[in-house]
Amino acid sequence: MNKSATPTSARDHRLDLGELLDALVADGLVDASAAQALRQQPPQRRHPLQIIAECDWTLPAEPSLRLTLDRLMSWLSERSGLPWQRIDPLSLDVARITQLVPYAYAARARILPLKVSATEVVIATAEPYWQEWERELAPLLKREIKRVLANPTELDRYIVEFYALARSVKASADERGRLAPGSVQNLEQLTELGRSGKLTADDQHVVGIVDWLLQYAFEQRASDIHLEPRRERGNIRFRIDGVLHEVYQVPASVMPAVTSRLKILGRLDVAEKRKPQDGRIKTRAPGGKEIELRVSSLPTAFGEKIVMRIFDPEVLLRDFSQLGFSSEDAPRWQQMIRQPHGIILVTGPTGSGKTTTLYSTLRQLATPEVNVCTIEDPIELVEPSFNQMQVHAAIDLGFAAGVRALLRQDPDIIMVGEIRDLETAENAIQAALTGHLVLSTLHTNDAPSAVTRLLELGVAPYLVKATLLGVLAQRLVRQLCPHCKKPVAPNATQWSELTGRWPLALPAQIHEPAGCLECRETGYLGRCGIYEIMPLSPGIKAMIGNDTDLGALRAAAFRDGMTPLRIAGGQQVIAGNTSIAEVLRSSPEPQTE
């Protein structure tokens, strides 16, 4: 067991407010008169650290610093000799830890298991000097107990949440006659399980699971929620900063009910399990902020897979510098989008932030004097200042037909979700020729490739020259956590790999990820864009023809001042916003021919 530096006699009691105030005054963290005033207040049943933190005192020696709960936890950790650990819900095996200690005991002792191995269990407590529960649990757990300190507010919350979730999952599985592991041997049995009348989605347990799932995703900054059915269980994963994290596993018998509940919320056909479906959920985050989710279902071998994309309306309110545009690229982009007519293309793979860029741009352009219309597949985020239309393949309403329809709606600006074929490209070009500003997307690796892609689709070179205003290629890179990033001397070999033959000077210092409580030890917190902007200058237009040389086109764009994606990433590295490894992972190699 963990051995503290504090004598045994001092360990066998719960923390007392007066005891903590005396220690804080002795250590110079609290003013004696303020401590005396707090002692005279009526007693409260909360943890004394929470009571002290709510006073919002400043440190006597450093008035600019406040005595927050985190600062109090750090102080108590140093004083007691117990390590302080922030509870990271994503790293916990909730099903296993809730089976280890009963809820009633965990709530009474105010403890929560965090990690379990064959020989050791790590248990969080907010009481460093009280060990009665440890002596009681040790013979039952038959493992060495390692105690760590935890924030009492987090501890109280997660004890309630995790045990409530575990109870809901267990009750739901019990009600559905959960099958023992390995009893489902083939797809036919699972199909019958999914059709059984027992799998209702409206019981309180399933509602509780889904409510917890959505709230948890909002708090963890997830961009996507994946529910994946497997033979013996269902996996729940969150995508955070572009990386998937496993969050929870539910019994196979519970998964169809959770899926059905989400389909009901998304207004999908619950009875239809053979075809993919799309829907939307509009809800509120715990703080009251309105959140929209796009729901997509897909039939798989062991049931329906659900993916929910979470859209944050606040993203649309960010300016271009907050999205990651450099001081050189932002004016170029502004100049392009302020043109009265023509086509602007945004390119990049799925998940590179094209939708965010387009919506943010349209949001700025959508004034009361302008009619903005979109044709999308599907509508990503409902925005009141746009007139949005969705593609419906079943009734032959595709992008091309949608653009033709929008042209009869007196638009000023048209956004086409994606140019996929010649017909859509020709209709978009026709809209640009008739005096409209058209924004759309293409899937290409870089900006110059968008020109050759249009020509490959069959668009006449003279039409590309007449209508295309410019191309923006982009990627998303994870940003270094501002709380823990560490300065290092750059490795010349790595820097050379990043820049290739591009002349970008080796900086004296860069930053690398370290890992802390705020970023869950990943070293990264949030994402930003890197951009490659290519306006169509007269020189580039002169090179567009039936036999356009992509390499020569790219070289001309570089001469005109276009910065390649990886070099834009290198500039973010120099600014201390991301790491070399992250840019290498996210961007294509710069071409300098």
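Conventions and cut-offs
Residues numbered from 1 in each chain as written. Predicted model: local features only at pLDDT ≥ 70, side-chain atom pairs only at ≥ 80, totals over all residues. Heavy atoms only, no water. Pairing = 2+ DSSP bridges. Helix = DSSP H or I, 4+ residues; strand = E, 2+ residues; numbered from the N terminus. Axes fitted to C-alpha atoms, helices over the stretch in contact; angles between N-to-C directions. Contact = heavy atoms within 4.5 Å. Parallel < 35°, antiparallel > 145°, perpendicular 65-115°, else oblique. Salt bridge = Lys/Arg side-chain N within 4 Å of Asp/Glu carboxyl O. Buried < 20%, exposed > 50% of the residue type's maximum accessible area, 1.4 Å probe, protein only. Polar contact = N/O pair within 3.5 Å; in protein donor to acceptor, adjacent residues only side chain to side chain. UniProt positions renumbered as here; feature names shortened; annotations may be inferred. Domains from an automatic or database assignment. Right-handed = clockwise from strand over helix to strand, strands pointing away.

1. Here we look at the sheet that holds strand β9 (residues 303-311)
- If you trace the six strands from one edge of the open sheet to the other, you get β6-β5-β4-β9-β8-β7, paired in antiparallel fashion. Of all the strands in the sheet, the pair left with one neighbour each is β6 (243-251) and β7 (277-284). On average, each strand axis in the sheet is inclined to that of its neighbour by 20°, with strand direction left out of account.
- Relative to β6, strand β5 (residues 233-240) runs antiparallel, the two being bridged by eight bridges. Bridge pairing in β6 links Ile 240 to Val 243.
- Across the sheet, helix α12 (residues 255-265) touches β4 (224-229), β5, β6, β7 and β9, and the angle it forms with β9 is around 45°.

2. Section: unusual backbone geometry
- In this structure, the amide linkage connecting Asp 377 to the following residue, Pro 378, adopts the cis form with an omega of -10°.
- Take Pro 378: it is sitting in the loop between β11 (372-376) and β12 (387-390).
- Positioned with a positive phi, Arg 110 is a non-glycine residue whose angle comes to about 55°.
- Along the chain, Arg 110 turns up in the loop between α7 (103-109) and β1 (111-116).
- The phi torsion at Asp 396 lies on the positive side, around 60°, for a residue other than glycine.

3. With respect to the packing of helix α11 (residues 204-219) against α12
- Remark: α11 packs on α12, axes separated minimally by 9 Å, with the N-to-C direction vectors making an angle of 70°. Relative to α12, the element α11 lies roughly perpendicular. Across from Val 206, Val 207, Ile 209 and Val 210 in α11, the residues of α12 making contact are Ala 257, Val 258, Arg 261, Leu 262 and Leu 265.

4. Examining the pattern of salt bridges
- Counted by the stated rule, this structure contains 28 salt bridges.
- Taking the shortest distance from any N to any O, the salt bridge between Asp 22 and Arg 39 comes out at 2.1 Å. Taken as a pair, Asp 22 in helix α2 (residues 17-26) and Arg 39 in helix α3 (residues 32-39) lie far apart in primary sequence, 17 residues in all.
- Residue class for Asp 22 comes out partly exposed when judged on its relative accessible area of 47%.
- Here the residues in one salt-bridge network are Asp 70, Arg 86, Glu 154 and Glu 518, joined through shared partners.

5. What to know about the side chain of Thr 444
- For Thr 444, the location among the structural elements is in the loop between β14 (437-442) and α18 (448-457).
- Side-chain polar atoms of Thr 444 contact the side chain of Thr 347, separated by 3.3 Å.
- Of note is the side chain of Thr 444, whose polar atom sits 3.0 Å from the backbone oxygen of Asp 446.
- Thr 444 has contacts with Thr 347, Gly 348, Ser 449, Ala 450 and Arg 453, leaving out every residue within four places of it along the chain.

6. Some details on the UniProt feature "domain: Bacterial type II secretion system protein E" (unreviewed entry) in the protein chain
- UniProt tags residues 407-421 as "domain: Bacterial type II secretion system protein E" (unreviewed entry).
- Secondary structure across residues 407-421 comprises 0% helix and 27% strand; the distance between its end C-alpha atoms is 19 Å.

7. Notes on the domain arrangement of the protein chain
- By domain assignment, the protein chain separates into domain 1 (17-80), domain 2 (89-150), domain 3 (159-174 + 202-311) and domain 4 (316-476 + 528-561).
- Taking the mean C-alpha position of each, domain 2 and domain 4 sit 55 Å from one another.

8. Considering the pairing of strand β2 (residues 120-125)
- In terms of residue burial, β2 counts as a mostly covered element, since five of its six residues are buried.
- If you look at the hairpin formed by β1 and β2, you'll find three residues sitting between the two strands.
- In this sheet, strand β3 (residues 144-149) lies alongside β2 in parallel orientation, the contact comprising six bridges. The residue bridging Thr 125 from the neighbouring strand is Leu 149, located in β3.
- The β-α-β motif built from β2, the intervening helix α8 (residues 132-141) and the parallel element β3 has right-handed crossover chirality.

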